[in-house]
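A look at the structure
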Amino acid sequence: MTAEANAGKALTVAVDGTTFARIPIRTRVVMPGDELDPFIREYTAGVVAPGDTLFVTEKIVAITQGRSFPVDEIRPRKLAFFLSKYVTRTPYGIGLGMPETMEMALRECGTLRILFAAAVSAVTKAFGRKGDFYRVAGDKARAIDGPTSGTIPPYNKAVVLGPERPREVAAHLKSLLGGDAEVAVVDINDLGGNILGSTLDRAGERRLVAILKDNPLGQGHESTPLGVVRPA
């Protein structure tokens, strides 16, 4: 496999004095009903080497877990319409800024937690502090992906929740690959990112976030939901 960066992205990055390659793996579109294991085997064969870190987007893990929902099948409650009006939308994703994604957050996280997060955010935002809604609501709310014009169909008309048991998924995939490569399930976008679960230690997770800070897999139609990090 020839290592090639996505358009507008650098293939390598230096972190803490070490240069790392971030190699995107182009795949077909993962569809509801697909199984993760054969998909990973197919696209990592001959690519992942001992000492590598395979990073897997949370979205494909969630889709294979049956956690993708067509927008037109979601019936938001009045509270979801109300709360979504106060969510700041960005060019990189709709987040919970539409009633359907907010409805799924209410279901995933619980109404009380979302209301508490909204109340805290309303107070701290008045003092110029941002991000408290997601800090309080947690990773489940942060990981919800809504439809955007740049999303590959059919997910341009779907809401995808965060994956279940991402740390267990990472450990399983490491075993699937023979145990010679680390694995991380990541939620990375053009605003930053999080490691939802991995086989790395805390220091390794912090380093991986820094390595992937510029979102080398891209945010649109790149069709690269997997990638490999290795020392260059």
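A brief structural summary. Worth saying up front: this structure is predicted, and the values here are computed from it rather than measured.

1. Some words on the nonpolar core
One finds Ile40, Leu54, Val56 and Leu226 to be the most contacted residues of the largest nonpolar core, which totals 25 residues. Those elements giving two or more residues to this core turn out to be strand 2 (18-25), helix 1 (36-44), strand 3 (53-57), helix 2 (58-64), strand 5 (158-160), helix 8 (166-176), strand 6 (182-189) and strand 8 (226-231). Once you skip the residues sitting within four places of it in the chain, Val56 turns out to touch Ile40, Val61, Leu173, Val183, Ala184, Val185, Val186, Pro225 and Leu226. Of all hydrophobic cores here, the second largest spans 21 residues; its members include Val71, Ile114, Ala117 and Ile144.

2. Let's talk about the packing of helix 4 (residues 99-109) against helix 5 (residues 111-125)
It is at 6 Å that the axes of helix 4 and helix 5 come closest, and there the two elements cross at 120 degrees. In contact with Met102, Ala105, Leu106 and Cys109 of helix 4, helix 5 contributes Thr111, Arg113 and Ile114. A per-class count over the contact of helix 4 with helix 5 returns 5 nonpolar, 1 polar and 1 charged.

3. Here's the deal with the side chain of Ser198
Structurally, the position occupied by Ser198 is in strand 7 (residues 192-198). What makes Ser198 buried here is its relative accessible area of 4%. Of note is the side chain of Ser198, whose polar atom sits 3.0 Å from the backbone nitrogen of Leu200. Excluding anything up to four places from it in sequence, Ser198 contacts Arg167, Ala170, Val183, Ala184 and Glu205.

4. Describing the pattern of salt bridges
Inspection of the entire model under this criterion finds 14 salt bridges. With a shortest N-O distance of 2.8 Å, Asp34 and Arg28 are connected by a salt bridge. For Asp34, a relative accessible area of 19% gives the class buried. Residue class for Arg28 comes out partly exposed when judged on its relative accessible area of 37%. Of the charged contacts, one joins Arg129 and Asp132 as a salt bridge, the two residues approaching to 2.6 Å between their closest N and O atoms. Here the residues in one salt-bridge network are Arg67, Glu108, Glu164, Arg165 and Glu168, joined through shared partners.

5. Let's talk about the layout of surface pockets
Of the pockets and cavities examined, the second largest pocket occupies roughly 190 Å³. Lining the second largest pocket are 15 residues, with Gly51, Thr53, Leu200, Arg207 and Val229 sitting closest to its centre. Of all the secondary structure elements, the ones that give two or more residues to the lining of the second largest pocket are helix 9 (202-211) and strand 8. Per element, the largest residue contribution to the lining of the second largest pocket is 4 residues, and it comes from helix 9. For the lining of the second largest pocket, the residue count by class is 7 nonpolar, 3 polar and 5 charged.

6. Considering unusual backbone geometry
Residue Pro154 is bonded to the preceding Pro153 through a cis peptide linkage, with omega at 5 degrees. With respect to the helices, strands and loops of the structure, Pro154 is situated in the loop between helix 7 (139-142) and strand 5. Residue Asp16 is not a glycine yet carries a positive backbone phi of 55 degrees. In this structure, Asp16 sits in the loop between strand 1 (12-15) and strand 2.

7. So, the environment of Glu58
When you line up the elements, Glu58 lands in helix 2. Separated by 128 residues in the primary sequence, Glu58 and Val186 place their C-alpha atoms 5.5 Å from one another. Each residue touching Glu58, except ones within four places of it in the same chain, is listed here: Ala143, Asp145, Pro163, Val185, Val186, Asp187 and Leu196.

Criteria and thresholds
- Residues numbered from 1 in each chain as written.
- Predicted model: local features only at pLDDT ≥ 70, side-chain atom pairs only at ≥ 80, totals over all residues.
- Heavy atoms only, no water.
- Core = buried A, V, L, I, M, F, W, Y, C linked by side-chain atoms within 4.5 Å.
- Buried < 20%, exposed > 50% of the residue type's maximum accessible area, 1.4 Å probe, protein only.
- Helix = DSSP H or I, 4+ residues; strand = E, 2+ residues; numbered from the N terminus.
- Contact = heavy atoms within 4.5 Å.
- Axes fitted to C-alpha atoms, helices over the stretch in contact; angles between N-to-C directions.
- Nonpolar A, V, L, I, M, F, W, Y, C, P; charged D, E, K, R; others polar.
- Polar contact = N/O pair within 3.5 Å; in protein donor to acceptor, adjacent residues only side chain to side chain.
- Salt bridge = Lys/Arg side-chain N within 4 Å of Asp/Glu carboxyl O.
- 1 Å grid on protein atoms, 1.4 Å probe; cavity = no way out; pocket = protein on both sides within 12 Å on 5 of 7 lines; lining within 4 Å.
- Points joined across faces, edges and corners; volume = space filled by probe spheres on them.

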